[in-house]
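What follows is each chain in one-letter form.
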Amino acid sequence: MLNKNVLKTLHEEVTGYGTTLVAVSKTKTPDEILTVYNAGQRIFGENKVQELLLKYEQLPKDIEWHLIGHLQTNKVKYIAPFVGLIHSVDSEKLLQVISREAVKCNRVIPCLLQVHIAEEETKFGFSEQELLTFLAHYTAKPLPNVLLCGLMGMATFTQNTEQIHKEFAQLAALFKRVVQQYVNLQPHFKVLSMGMSADYRIALEEGSNMVRIGSLIFGERG
Ligand SMILES: *Cc1c(COP(=O)(O)O)cnc(C)c1O
């Protein structure tokens, strides 16, 4: 259950860094989300397309919905009409499909490129080298109706804070490098999405400007 003080304190802490708070509402009910909405939060993140669709239909239309989880190309069409930001673009193929669906909806879809920074094999995303190769290619021949707005990454799930610092610092450095190297991504390429409940403080210290926080706001997922 939501503790309003937790949300307020978290919101103050995060915005104090000039950072955007995405409330990750996966597995939570529309009623639980409404409680957080009524406390003033407007940006919510979901990791599954089906769940995102159901909640989009049931909840107030001024919510900005972010997709934060792995996205299959065949599901892009369902969220294309309304999604506010896709954090998890991890292939050129996926971006092409997003572009095509965005054209059909006559809208521009903001996207982040997910970078693999963790040690775990299971996390999706471009490697650093893949990202730079992709961007060299992309900036020469951009796709219509998608806006590349930045990078997203997840650190290794570990108690070792030094390692988490290192991984977030690596992503922040890569972000800086991309901003300097690919000037024609401006003025939109501004978002560095990193940090979750367990590691958002480290992410803020390392320069995150968008954190994705679930359990700290909504309580542990069952
Ligand atoms: C679930 C999830 C989060 C939030 O996780 P918490 O530990 O509950 O804060 C953030 N980012 C992604 C990609 C997630 O899947």
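Residues numbered from 1 in each chain as written. Predicted model: local features only at pLDDT ≥ 70, side-chain atom pairs only at ≥ 80, totals over all residues. Heavy atoms only, no water.

Q: Help me understand the packing of helix α6 (residues 128-140) against helix α7 (residues 161-181), please; the structure alone is not making it clear to me.
A: Closest axis-to-axis distance for the α6/α7 pair is 12 Å, and the angle between their directions is 15°. With respect to α7, the element α6 is oriented roughly parallel. Seen from above, α6 lies across α7 with right-handed handedness. The residues of α7 that touch α6, namely those facing Glu128, Leu131, Leu132 and Leu135, are Gln170, Leu174, Arg177 and Val178. (Axes fitted to C-alpha atoms, helices over the stretch in contact; angles between N-to-C directions. Helix = DSSP H or I, 4+ residues; strand = E, 2+ residues; numbered from the N terminus. Parallel < 35°, antiparallel > 145°, perpendicular 65-115°, else oblique. Left-handed = near helix turned anticlockwise from the far one by under 90°. Contact = heavy atoms within 4.5 Å.)

Q: Honestly, the site of the ligand in this entry has me stumped. Any pointers?
A: By nearness alone, every residue bordering the ligand is listed as Val24, Lys26, Ile68, Met154, Met196, Ser197, Arg212, Ile213, Gly214, Ser215 and Arg221. One of the side-chain nitrogen or oxygen atoms of Lys26 is found 2.7 Å away from an oxygen atom of the ligand. Side-chain polar atom of Ser197 to an oxygen atom of the ligand: 2.5 Å apart, as the coordinates give it. Within the shell around the ligand, the residues separate by chemical class into 5 nonpolar, 3 polar and 3 charged. (Near = heavy atom within 4 Å. Polar contact = N/O pair within 3.5 Å; in protein donor to acceptor, adjacent residues only side chain to side chain. Nonpolar A, V, L, I, M, F, W, Y, C, P; charged D, E, K, R; others polar.)

Q: In this structure, what is going on with helix α3 (residues 49-58)? I would like to understand it.
A: Side chains of residues three or four places apart in an α-helix project in the same direction, reflecting 3.6 residues per turn. Residues of α3 that are buried: Val49, Glu51, Leu52, Leu53 and Lys55. Packed against the buried residues of α3 are α2 (30-38), β2 (43-46), β3 (64-67) and α4 (76-79). (Buried < 20%, exposed > 50% of the residue type's maximum accessible area, 1.4 Å probe, protein only.)

Q: What should I look at first to understand unusual backbone geometry in this one?
A: What you tend to see is this: most non-glycine residues have negative phi, and most peptide bonds are trans. With omega at 10°, the peptide bond leading from Gln186 into Pro187 counts as cis. If you check the backbone angles, Thr27 has positive phi at about 70° while not being a glycine. Residue placement: Thr27 occurs in the loop between β1 (20-24) and α2.

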